[in-house]
Amino acid sequence: MNHALKTLFSATGISLMAAAAVVADTRTIAVENIHNGIIAGDRSLIETHVVENIIPHNPSAGPGRDGVLAYVDFLTTLDAPVPSNVVRVLAEGDLVVIQRKVDFVGPKVSFDLLRFEDGQLVEYWDAMQLWVDDTASGRSMTDGPTDITDLAETEANKALVTNFVTDVLMQGKLETLETYLAPEYMQHTPFVPDTLDGLKGFISYIGEQNIEFYYSEIHNVVAEGDFVFVQSEASMMVIQLHFMICGVLITV
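Just so we're clear, the structure is a prediction, and the values are computed from it rather than from any experiment.

Peer 1: I keep staring at the sheet that holds strand E3 (residues 84–92) and nothing clicks. Help me out?
Peer 2: The strands that make up a sheet pair up through hydrogen bonds in the backbone, lying either parallel or antiparallel. If you trace the five strands from one edge of the open sheet to the other, you get E2-E6-E5-E4-E3, paired in mixed fashion. Of all the strands in the sheet, the pair left with one neighbour each is strand E2 (50–56) and E3. Ignoring strand direction, the axes of neighbouring strands in this sheet form an average angle of 25 degrees. Bridge analysis of E2 against strand E6 (residues 120–130) gives three bridges, and the strand direction is parallel. Residue Val50 lies in a different strand from E6, and its bridge partner there is Leu121. Those strands touched by helix H3 (residues 64–76) are E2 and E6, and its axis lies near 85 degrees from that of E2.

Shown next as structure tokens:
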């Protein structure tokens, strides 16, 4: 396979077949916790699969499992259930990534990153971005392939994307873009055009606007086949400095 990024958006001591079964089970538990547990308000599901001292990284979330249950109770007070549609799910080891389109105080796209131990949720991160209809690429923020393929290429793809984030987004080596990006690469970030040339034009534009944007640290990388998710810390400087946690999902 030609290892170039096309789209920007292992267990020890057990057999590969057993490892795949563990990942599949964890993936199912993760999706059920999001939809049936949190969105649909199934407290018993959360009490079964969420540890009491779960570590939340959402600054609005209360501590522990009681904080999760309090959020569930809050959602049940809303006039209507929060629409939430899973778009993509990928898993590696004890980590599961869920990309969703939600309607929570307006339409948004979210990434949930969940960490499991022995089938129980022990830590989670989430991030949301406002939905944009009129995108620079003309494609939506969630369309594109959803089926995971090329499982044998997982480690190679993970290395490729990690190096891309390190070289280009962290170290600013823009001269290496052609090394990592396919010329026809497709963009789902709403304000960036398709293709390698479109990205170069966007980079030139933000430079002309004196906007400084760079990634400073990689926190987690989750890969499965031709999908790789990178959770990073970044900063953007226009007039003042802002810090953010970024989730990027890339197909290879």
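Peer 1: Looking at this model, I keep getting lost on the pairing of E6. Mind explaining?
Peer 2: Each regular strand carries side chains that alternate between the two faces of the sheet. Examined bridge by bridge, strand E5 (residues 107–117) and E6 share 10 bridges and lie antiparallel to one another. Directly across from Lys108, in E6, lies its bridge partner Leu130. In textbook terms, the turn of a hairpin is the stretch between consecutive antiparallel strands, and for E5 and E6 this stretch comprises two residues, one of which, Asp118, has a positive phi near 55 degrees.

Peer 1: So what exactly am I meant to see when it comes to helix H6 (residues 196–208) here?
Peer 2: Residues separated by three or four positions in an α-helix point in the same direction, a consequence of the helix having 3.6 residues per turn. When the terminal C-alpha atoms of H6 are compared, their 19 Å separation across 13 residues agrees well with the 18 Å that a helix rising 1.5 Å per residue should span. Residues of H6 that are buried: Leu196, Gly198, Leu199 and Ile206. Viewed end-on, H6 has its buried residues packed into an arc of 160 degrees, placing them on one side of the element. Seen from the buried face of H6, the exposed residues on the opposite side, beyond 90 degrees, are Asp197 and Glu208. Each element contacted by the buried residues of H6 is listed here: helix H5 (177–180) and strand E7 (181–187). Once H6 ends, the next one or two residues include Asn210, with phi positive near 55 degrees.

Peer 1: How should I be thinking about the nonpolar core in this particular structure?
Peer 2: Note on soluble globular proteins: their nonpolar side chains tend to be buried together. One finds Ile38, Ile46, Ile54, Val96, Ile98, Leu114 and Phe116 to be the most contacted residues of the largest nonpolar core, which totals 22 residues. For this core, the secondary structure elements donating two or more residues are helix H1 (16–39), E2, H3, E3, strand E4 (95–103), E5 and E6. Excluding its chain neighbours within four sequence positions, the residues that come into contact with Leu114 are Ala30, Ile34, Asp94, Leu95, Val96, Ile98, Leu121, Glu123 and Tyr124. Counting residues in each nonpolar core, the second largest holds 18 residues, with Val168, Tyr180, Leu199 and Ala223 among its members.

Peer 1: How should I be thinking about the packing of aromatic side chains in this particular structure?
Peer 2: For any pair of aromatic rings, the description rests on two quantities: the centre-to-centre distance and the angle between the ring planes. The tally for this structure, following the rule as stated, stands at three aromatic pairs. Pairing Tyr71 with Phe74 gives two aromatic rings, centres 6.2 Å apart and planes at 35 degrees, and the pair type is tilted. Pair noted here: Tyr71 and Phe74 are both in helix H3, with a separation of three residues, about one helical turn. Between Phe111 and Phe229, the aromatic rings sit 5.3 Å apart at their centres with planes inclined by 55 degrees, giving tilted as the arrangement. Linking Phe111 in strand E5 with Phe229 in strand E9 (residues 227–237), this pair joins segments that are 118 residues apart in sequence. By relative accessible area, Phe111 is classed as buried at 13%. Overall, the relative accessible area of 3% leaves Phe229 in the buried class. Geometry around Trp131 places Lys101 over its ring, the cationic atom sitting 3.8 Å from the centre.

Peer 1: Please clarify how the side chain of Glu123 should be interpreted in this entry.
Peer 2: Tracing the chain through its elements places Glu123 in strand E6. We classify Glu123 as buried; its relative accessible area is 11%. Excluding its chain neighbours within four sequence positions, the residues that come into contact with Glu123 are Ile54, Ile55, His57, Leu113, Leu114 and Arg115.

The rules behind these values
- Residues numbered from 1 in each chain as written.
- Predicted model: local features only at pLDDT ≥ 70, side-chain atom pairs only at ≥ 80, totals over all residues.
- Heavy atoms only, no water.
- Pairing = 2+ DSSP bridges.
- Helix = DSSP H or I, 4+ residues; strand = E, 2+ residues; numbered from the N terminus.
- Axes fitted to C-alpha atoms, helices over the stretch in contact; angles between N-to-C directions.
- Contact = heavy atoms within 4.5 Å.
- Expected span 1.5 Å × (residues − 1).
- Buried < 20%, exposed > 50% of the residue type's maximum accessible area, 1.4 Å probe, protein only.
- Arc of directions from axis to C-beta.
- Core = buried A, V, L, I, M, F, W, Y, C linked by side-chain atoms within 4.5 Å.
- Phe/Tyr/Trp six-rings, centres within 6.5 Å; stacked < 30°, edge-to-face > 60°.
- Lys NZ or Arg CZ within 6 Å of the ring centre and 35° of its normal.

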